[in-house]
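Observations on the model geometry
So you can see what is in the structure, the chains are spelled out below.
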Amino acid sequence: MPQTWDPESYGRDGAFVHQLAEGVVEWLAADRGERILDLGCGDGQLTQRIAASGAIVVGIDSSPAMVAAARALGMKTDQGPAEKLPYPDHTFEAVFSNAALHWVRGQDEMLSEVHRVLRPGGRFVAEMGGHGNIAAIRVAFAAVLSHLGYAGLGERGNYYPTAESYSSRLERHGFTVEKILLFPRPTPLNDSGMTGWLNTFYRGALDSLPESMRDTAIEETVALLAPALRDHDGHWTADYVRLRFVARV
Ligand code: BEZ
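This write-up is about the structure you can find in this document. (Residues numbered from 1 in each chain as written. Predicted model: local features only at pLDDT ≥ 70, side-chain atom pairs only at ≥ 80, totals over all residues. Heavy atoms only, no water.)

1. A look at the sheet that holds strand E4 (residues 92-98)
Heads up, the condition is: For two strands to be treated as a pair, DSSP must find at least two bridges joining them. Put simply, DSSP H or I for four residues or longer makes a helix, DSSP E for two residues or longer makes a strand, and each gets a number counted from the N terminus. In this description, a line fitted to the C-alpha atoms serves as the axis of each element, helices being fitted only across the stretch in contact, and the angle between N-to-C directions of two axes falls anywhere from 0 to 180 degrees. Contacts are assigned to residue pairs with any non-hydrogen atoms lying within 4.5 Å of each other.
If you trace the seven strands from one edge of the open sheet to the other, you get E3-E2-E1-E4-E5-E7-E6, paired in mixed fashion. Because the sheet does not close on itself, it has two edges, and the strands there are strand E3 (77-79) and strand E6 (176-188). Across this sheet, the average inter-strand angle for adjacent strands is 15°, counted without regard to direction. The sheet strands contacting helix H5 (residues 64-72) are strand E2 (56-61) and E3, and the helix crosses E3 at an angle near 170°.

Below you can see the structure in the form of structure tokens.
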């Protein structure tokens, strides 16, 4: 089910996406005057942070709503798929991406495009969901959808590779992998807890359920997950796993 994004709930219940990105921004180490593409830029919060280093940053996202949000921050932003980038060959010193690549259906097409738009010696620095990402959430949501008679509506196409398999994939596309790291990143959620998370990040699947079932789907998923992801004080922690890498052309 294609994801749909609501910049307002993303800004409120998904703010951790850019707040927890210091590590990958450090690995990017943007320099003044460098041309950088922020691939899957979302609402532009990180694009703006990278631009503050003096780099010339352009964002691209497939969601028109997210592009509008990034433009509202004053970021130069294009709309389109990662598999077909609207830039000439060798345009950028770096391509950066945070929390976006796992949504890309055409991984090989995307990697060819990233390679094409990078200058010789340029770098691809990214963080995405890695093997085991949000495993409990995915299993609970899939179980609830199946029980409601909508098996298969959940996260089918998202891609959470191991470090070994993504390294091979990058190398097949002509990249040299400088460093790659798979690590758990337990992610505390805000006061909206798992309900807010599901409403923000599983919007596409929830919207394709009959309206009368949406609240039930959320309530049952929350109830299944509570023993695993909610602590005794009622705080939720999502079971994120990240894959972070630097690869050069
Ligand atoms: C993530 O890993 O960033 C993610 C994956 C699927 C849904 C929401 C977030």
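2. Considerations on the packing of aromatic side chains
Just so we agree on the cut-off: Side-chain rings of Phe, Tyr and Trp (the six-membered ring for Trp) are treated as a pair once their centres are within 6.5 Å; stacked means planes under 30 degrees apart, edge-to-face means over 60, and tilted covers the remaining angles. Relative accessible area decides the class of each residue, using a 1.4 Å probe on protein chains only: under 20% of the type maximum gives buried, over 50% gives exposed, and in between gives partly exposed. The rule for a charge over a ring is simple: NZ of Lys or CZ of Arg within 6 Å of the ring centre, and within 35 degrees of the ring normal.
The full count for this structure, using the stated rule, is 10 aromatic pairs. Ring centres of phenylalanine 16 and phenylalanine 201 lie 6.0 Å apart, and the angle between their planes is 45°; this geometry places the pair in the tilted category. Separated by 185 residues along the polypeptide, phenylalanine 16 in helix H2 (residues 16-19) and phenylalanine 201 in helix H9 (residues 193-201) bring together distant segments of the chain. In this pair, the class of phenylalanine 16 matches that of phenylalanine 201, namely buried. Members of the aromatic cluster, joined through ring pairs, are Phe16, Phe141, Trp197, Phe201, Tyr202 and Tyr240. The ring of tyrosine 240 carries arginine 185 above its face, with NZ or CZ at 5.0 Å from the centroid. Over the face of the ring belonging to tryptophan 27 we find arginine 244, whose NZ or CZ atom lies 5.2 Å from the ring centre.

3. Digging into the packing of helix H6 (residues 107-117) against helix H8 (residues 163-172)
To keep things clear, this is the line we draw: Here is the rule for angles: anything less than 35 degrees is roughly parallel, anything more than 145 is roughly antiparallel, 65 through 115 is roughly perpendicular, and the remaining ranges are oblique. The handedness criterion is simple: a crossing whose near helix is rotated anticlockwise from the far helix by less than a right angle is left-handed, and one whose near helix is rotated clockwise is right-handed. Polarity classes work like this: nonpolar for Ala, Val, Leu, Ile, Met, Phe, Trp, Tyr, Cys and Pro, charged for Asp, Glu, Lys and Arg, and polar for all others, with Gly in that last group.
Between H6 and H8, the shortest axis-to-axis distance is 10 Å and the interhelical angle comes to 55°. Judged by the angle between their axes, H6 and H8 are oblique. The chirality of how H6 crosses H8 is right-handed. Contacts between H6 and H8 involve Gln107, Asp108, Met110 and Leu111 on the former and, on the latter, Tyr166, Arg169 and Leu170. Residue composition of the contact of H6 with H8, grouped by class: four nonpolar, one polar and two charged.

4. Digging into helix H11 (residues 211-229)
Quick note on the threshold: One fewer than the residue count of a helix, multiplied by 1.5 Å, yields its expected span. Across the chain, bend at a residue is computed as the angle between axes fitted to the seven residues ending at that point and the seven starting from it.
Taking 1.5 Å of rise per residue, 19 residues should cover 27 Å, and H11 covers 26 Å from first to last C-alpha, within 8% of that figure. Along H11, the sharpest kink reaches roughly 30°, centred on alanine 223 and followed within four residues by the proline proline 227. Three or more residues of H11 are buried, namely Ala217, Ile218, Thr221, Val222, Leu225, Ala226 and Leu229. Summarising the contacts, the buried residues of H11 are in contact with helix H7 (135-147), H9, helix H10 (203-207) and strand E7 (237-248).

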